[in-house]
Amino acid sequence: MKEKIFMVFVMLFLVSCGEMPNNSDNSSNNNNNFGSGLYNSPILVGDIVEKPASGIYVTGNDITNPSFPTVELTSNKTTTLVNGALSPVSVKQASIFEVVSAQSNNLEVITSCHTGLPSNNCMSTFTYKPSCSGQVFSQVKLQADNGGATVINVMGNSTDYAAQCEKNIDDNITMQISDTSHYFKNINEIYYFTIDIDKPAKNGYRYSANGAVNGFYYSYECFHSNNQKCTGFVQLLGKIGKFDCKGETEMKLDIKADYFEGVKKVSFTAQGFGLGHDDNYTCMSK
């Protein structure tokens, strides 16, 4: 019994720390230089057909409107804690989801949402560390099943510094992705990609994104381990929640240099085929 408990804790530790899977078929390439923003594919136990989540409910001592959760921090108030949960409360899992978190040196975020949202709830802590005058932002985006996206916006505001806060990303940048598409031939196959950006991010800006949709799982990070690069992977799980899904499927990622404000982007398209036999659980969202 002690050995079983130990193994459970080991698995939880690996997922929460964002370790990469090392026993999956990687027939595409061998880019293994991963930073802290990549997340392992979760154990999906939801049921999108029978129990879809209809939205995200956000709570926190500084949240006055859960539908548009926004918090302002100042030099006198530098920390806030925000919780997100699937709605309605009876929903305990999400089968299709996306989580994005962005931060900078001035406004940092620690969040369990990347690994916690598929299991119903998660927590994010924002810490304001002002070093310039003006406004800076951190954001966490949450989306699941049939619900629309909910973005938690936290703003830091200061007038105490001579230097004014500047944009995180220059407008006149170029982005180049290693591959624009890939066809997955095997369940659990993983395809890694990189994106080169010709100008570095400023202010320690960085963000991570991960999610599950149409039988795929994806995870990517921008500027975590390299200030002019995004790295990520897409995996064909062949599952919608706990079910082996059926049929041809496709997923398209639009990846921006500045996720929440940028207009420059590159796209990656994943295609594959699920091996399930039940017509009720098709891989492609309708």
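Computed from a predicted structure; not experimentally measured.

1. Focus: the sheet that holds strand S14 (residues 229-236)
1) Next: Spatial ordering of the open sheet is given by S2-S8-S7-S4-S12-S13-S14-S11-S9, a layout of nine strands whose pairing is mixed. The open sheet has two free edges, formed respectively by strand S2 (70-73) and strand S9 (175-177), since each of these has just one partner strand. Here the average twist between neighbouring strands, direction ignored, is 10°.
2) Next: By the bridge criterion, nine bridges tie strand S7 (residues 134-144) to strand S8 (residues 150-158) in an arrangement that is antiparallel. The residue of S8 that forms the bridge with Phe137 is Met155.

2. Focus on the side chain of Asn214
1) Next: The topology assignment puts Asn214 in the loop between strand S12 (206-213) and strand S13 (216-222).
2) Next: Owing to a relative accessible area of 8%, Asn214 belongs among the buried residues under this scheme.
3) Next: The residues contacting Asn214, other than those within four sequence positions of it, are Ile240, Thr249, Glu250, Cys283, Met284 and Ser285.

3. Remarks on unusual backbone geometry
1) Next: With an omega of 0°, the peptide bond running from Ser87 to Pro88 counts as cis.
2) Next: Inspection of the secondary structure puts Pro88 in the loop between strand S3 (79-87) and strand S4 (97-103).
3) Next: Positive phi, close to 45°, is recorded for Asp145, a residue that is not glycine.
4) Next: Looking at where Asp145 falls in the secondary structure, it is placed in the loop between S7 and S8.
5) Next: Looking at Asp145, the relative accessible area reads 13%, which means it is buried.
6) Next: Even without a glycine there, the phi angle at Asn214 is positive, about 55°.

Quick notes on the rules
Residues numbered from 1 in each chain as written. Predicted model: local features only at pLDDT ≥ 70, side-chain atom pairs only at ≥ 80, totals over all residues. Heavy atoms only, no water. Pairing = 2+ DSSP bridges. Helix = DSSP H or I, 4+ residues; strand = E, 2+ residues; numbered from the N terminus. Axes fitted to C-alpha atoms, helices over the stretch in contact; angles between N-to-C directions. Buried < 20%, exposed > 50% of the residue type's maximum accessible area, 1.4 Å probe, protein only. Contact = heavy atoms within 4.5 Å.

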